[in-house]
Amino acid sequence: MGVCKEQPGVRVALTGNESIARGALEAGVAYAASYPGSPTAEVLGTLAKVAGEFNLYVEWSVNEKVAMEGAAAASFTGLRSLVVMKADGLNVALDFASALALSGTRGGMVIVVGDDPSSHSSVREEDSRNLCKALHLPIWEPSSVQEAKDMTRAAFDLSEQLKLPVVVRCVTRVCHASGDVELGELTRPERRPVFGRDDRVITFSIQLHAQLEQKLSRAAAEASDSFFNGYSGPANARRLVIASGPSAMYALEALDMLGLAGGVGVLKLGTTWPLPETLLLNYLKNASEVVFAEEVEPFVEDNVMALAAGHWNELGSIKFYGKRSGHVAGPAGAGIGELDPDVLAGSLAKIFDVPWAGQTMLTSREAEELLGEKMPGRELALCAGCPHRASFWAIRTALELDGREGVVLGDIGCYTLGIVRTGYYLLQTMHCMGAGVGIAGGLGKLNRFGFNKPVITVVGDSTFYHAAVPALINARYNRANFMCVVLDNETTAMTGHQPHPGRQTTATGGPADTVYMEEIIRGLNIPYAISDPYDVDATINAVCDMLQLSGPRVLILRRTCALAAVKGKEKNRVYVDWDKCIGDDCGCGRFCSKVFACPANIWDAEHGKARIDEAVCNGCGVCATLCPQQAIVVERTVE
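Because the structure is a prediction, the values reported are computed rather than measured.

J.: Break down the sheet that holds strand E5 (residues 109-115) for me, with residues and values.
T.: Within a sheet, neighbouring strands are paired by backbone hydrogen bonds and run either parallel or antiparallel to one another. If you walk across this open sheet you meet the 7 strands as E3-E2-E4-E5-E7-E6-E12, and the pairing is mixed. The sheet is open, and its two edges are formed by strand E3 (57-60) and strand E12 (271-273), each paired on a single side. Seen against the sheet, helix H4 (residues 64-76) touches strand E2 (31-34), strand E4 (81-86) and E5 and runs at an angle of roughly 165° to E4. This element, helix H7 (residues 145-162), spans E4, E5, strand E6 (139-140) and strand E7 (166-171) of the sheet and lies at about 160° to E7.

J.: Give a description of the pairing of E5 that names residues and reports values.
T.: Extensive coverage of E5 is indicated by the burial of 7 of its 7 residues. Residues Met109, Ile111, Val113 and Asp115 point to one face of E5 and Val110, Val112 and Gly114 to the other, with burial holding for every one of them. One ladder, built from 6 bridges, connects E4 with E5; its direction is parallel. Along E5, the bridge assignment pairs Ser81 with Met109.

J.: Outline the packing of H4 against helix H5 (residues 87-103), supporting the account with residue identities and numerical values.
T.: Close contact between H4 and H5 brings their axes to 7 Å; oriented N to C, the two are set at 25°. With respect to H5, the axis of H4 lies roughly parallel. Between H4, through Glu64, Lys65, Met68, Glu69, Ala72 and Phe76, and H5, the contact on the second element is made entirely by Gly89, Val92, Ala93, Phe96, Ala97, Leu100 and Ser103. Split into classes, the residues belonging to the contact of H4 with H5 amount to 8 nonpolar, 2 polar and 3 charged.

J.: Provide a residue-level description of the packing of aromatic side chains, including the pertinent values.
T.: Evaluation of the coordinates by the stated rule reveals 11 aromatic pairs. For the ring pair Trp393 and Tyr424, a centre distance of 5.1 Å and an interplane angle of 70° mean the geometry is edge-to-face. Taken together, the residues span a long stretch of sequence, with Trp393 in helix H16 (residues 387-402) and Tyr424 in the loop between strand E15 (407-409) and helix H17 (435-443) at a distance of 31 residues. Take Trp393: its relative accessible area is 10%, and that puts it in the buried class. Three or more aromatic residues link up through ring pairs in this structure, and these residues are Trp393, Tyr424, Phe591 and Phe596. The aromatic ring of Trp273 is capped on one face by Lys133, whose charged end is 4.7 Å from the ring centroid. When the ring centre of Phe596 is taken as origin, the NZ or CZ atom of Arg389, which lies over that ring, is 5.9 Å away.

J.: How would you summarise the pattern of salt bridges if you had to cite specific residues and measurements?
T.: Scanning the entire structure with this criterion turns up 33 salt bridges. Put simply, Asp302 and Arg324 hold a salt bridge, and the shortest N to O gap is 2.8 Å. Here Asp302 is found in helix H12 (residues 299-310), whereas its partner Arg324 is found in the loop between strand E14 (319-321) and helix H14 (341-352), with 22 residues between them in sequence. Among the residues examined, Arg324 registers a relative accessible area of 56% and is labelled exposed. One salt-bridge network, in which partners are shared between bridges, spans Asp115, Asp127, Arg129, Glu141, Arg169 and Glu294.

J.: Account for the sheet that holds strand E16 (residues 455-460), with residues named and values stated.
T.: Spatial strand order, E15-E16-E17-E19-E18: 5 strands in an open sheet with parallel pairing. Across the chains shown, the open sheet's two edge strands, defined by having one partner strand only, are E15 and strand E18 (528-531). Strand-to-strand twist in this sheet, taken as the mean axis angle between neighbours without regard to direction, amounts to 20°. Pairing between E18 and strand E19 (residues 552-558): 4 bridges, direction parallel. Note that in E19 the partner of Ala529 across the bridge is Leu555. Running at roughly 165° to E16, H17 makes contact with E15, E16 and strand E17 (482-488) of the sheet.

The rules we used
Residues numbered from 1 in each chain as written. Predicted model: local features only at pLDDT ≥ 70, side-chain atom pairs only at ≥ 80, totals over all residues. Heavy atoms only, no water. Pairing = 2+ DSSP bridges. Helix = DSSP H or I, 4+ residues; strand = E, 2+ residues; numbered from the N terminus. Contact = heavy atoms within 4.5 Å. Axes fitted to C-alpha atoms, helices over the stretch in contact; angles between N-to-C directions. Buried < 20%, exposed > 50% of the residue type's maximum accessible area, 1.4 Å probe, protein only. Parallel < 35°, antiparallel > 145°, perpendicular 65-115°, else oblique. Nonpolar A, V, L, I, M, F, W, Y, C, P; charged D, E, K, R; others polar. Phe/Tyr/Trp six-rings, centres within 6.5 Å; stacked < 30°, edge-to-face > 60°. Lys NZ or Arg CZ within 6 Å of the ring centre and 35° of its normal. Salt bridge = Lys/Arg side-chain N within 4 Å of Asp/Glu carboxyl O.

Structure representation (C-alpha cells):
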C-alpha cells in the first residue's frame, strides 16, 4: 500500500483521500475519527488499514460532533489528531467547533472537510468555508493530490504553532482524483499523552475571543510567506486571476487555451483564510483587472474585495470580475456548481475580449447523445435486491390499505432514493440526518388542530445512531403520535459499508461492544416490532398493525444490504418462466419492469415477455412474490 511506503522521495499513485491519510501519517498523527461521508469517506478507512502498523487509534464515531470531541481530547493531551467529515458533518459539529476554537488545542489538530461542488455524491451543494470563517479557524485548500498530502502534514505544524485547529478544505475533484505523489518521511513519534490535574480547557472567558483574534493575525502573517501560495505569469501583471483549490489548475489551462498565458498572472491561494494580506496587496497594487476562480461561493472574492476597499488609497481603481459580478459562471449560474477549464476559458474570453472557439469538453448531455445506444440507460435507482425497495413497497401498500392518506418523511442515506421512482415517490421531506424523526414529532402533535393523518418517518440504521435517538426521546417525552421505520441493512451502505454501533466490529476490524437498537428503543419504553422486508406480506401487515397504534412506535425492517449479502457468495437464481408470463396480455402493465423498478427486472421487447437480467440480479426473489402470474421463479440455494 502506497500510503505506508518507507521511501521518502519516491513517487507513488494515490487518490486525494489516500494522500490526506499519508500526510497525517507523515505528521505523526495518533488519533483519527470520522463519520462516513462523501467525498472524504476513504480517508479514515485508509488509516484504519494501517492502524496497527503505526500504533494509531482510529474510530468510526457515531456522528461528526462526537468525532471532533474525541479528536480534541487527544489534542488536549498533546497528541496529534485528525477528524474528517463531509460539509454536512461540519454543520453537526458546529456547536463544539465554535467552543473548541475559543478553548484552543495543544497537540496538532487538523479538521478535513470535504465539499462537493455540483453535488456529485451529496444531497446538496455547500461551501464550508463561510462556516470555518465564522468559527475563526484557518482554512487551507489543496489544488492537487500532492498538495492534499503536503497541506495535511503542514497543517499539524501550524495547529501546534497557533494552538488552534486548522481546516483542510478538500473538494470532490481532489478527493477522488488520482495522481503521482512524492512521499515524505514517515514519523513514528513516541506517544505520551499528558493531561494532569492542573490542566484546564475552559471556554468561559471573554479574553479567549481576544486571544483567538490574535491567533488569526499570526496565521495571516504566516500565510503571506506560505509556500502553498504561488504566482505564475508576468511581473507586475495588470491582469490577474486569483484562484483557489483545483480552480488554480483550471485557470492556468484556460489562459493557455486562450493564448493569454504570457499576459495574465495567476495568483494561487492555498491559504484562503485568513487571507495572506501582504502577499495579496503586493499583486493588487499593480493590477487593474482581477478575476476570481473558486468553487462554490464567492468566498475569496468577497474577502479580497473587502481587503482592497480597506486599501483604496494605495491600490486605486481595480475592476473585479467573479461570481458577484456574474462574469464567472458555469451552466447553472454564478456561485453554483463546479468550474472547469472550459467554463473559465469562456468567462475569461468575455472579460478580456478575446476570441474563444467554444468548449473543448463534451457536456454530459452531448456525451450521452454521442454514445447513443452503445451505453445502457440507467436511472437513479436503488440497487437490485435492495431491501429498501421492498420496505418502500410494503409501506406504500399499507398506506393504501389504511386509506387515511398517511404522510411519509425521510432524510439522508440510500433511502433518500425514496423521493424518486425507485422508491415510488414515497418520501415527502428530506433535509439532514435524523430530521425526519424530529419533523414527524412535530406533525405528530398537530392533532389538536385537526391534523389526523398517520405519520411515518424512515431512517437508516446508521442514521438511527447518528441523529435519531434524541428526537425519539423527545417524542416519547411529549407523546408525539407517529411511526418511525428503521431501514436496517446492517451497515453504512451509502458510503462503502462502514460499521456502526449496531455492528460487531470496529473501524479496524476488531471486536466491538455492539449497541443493539432494540435495547435503546426498549429503554425509551417505546413499543417496537421487527420484520423482514423480503417477506412483503408480513411487512405490510406489520405496518398496518402499527398504524392502528398511537404515540411513538418503531418498526425495524431488517435485512442485510443486498450488495454485502452476496459479495463473494453464492446467490439464488431468479428467472421468468416464459410459459407463464403472458406479456402485455397480463393486464399488469409490465408491473415487474415498470412499477416495481428493480434494475434486474427488464422487458424483452423481441419476445414480448418479462425477463430477469441475471448479471444484475442479487437473487432476493421479492419480485417473484409480487408477480400476478407467478411467472417469476426462484431457485433457492441460499436463504
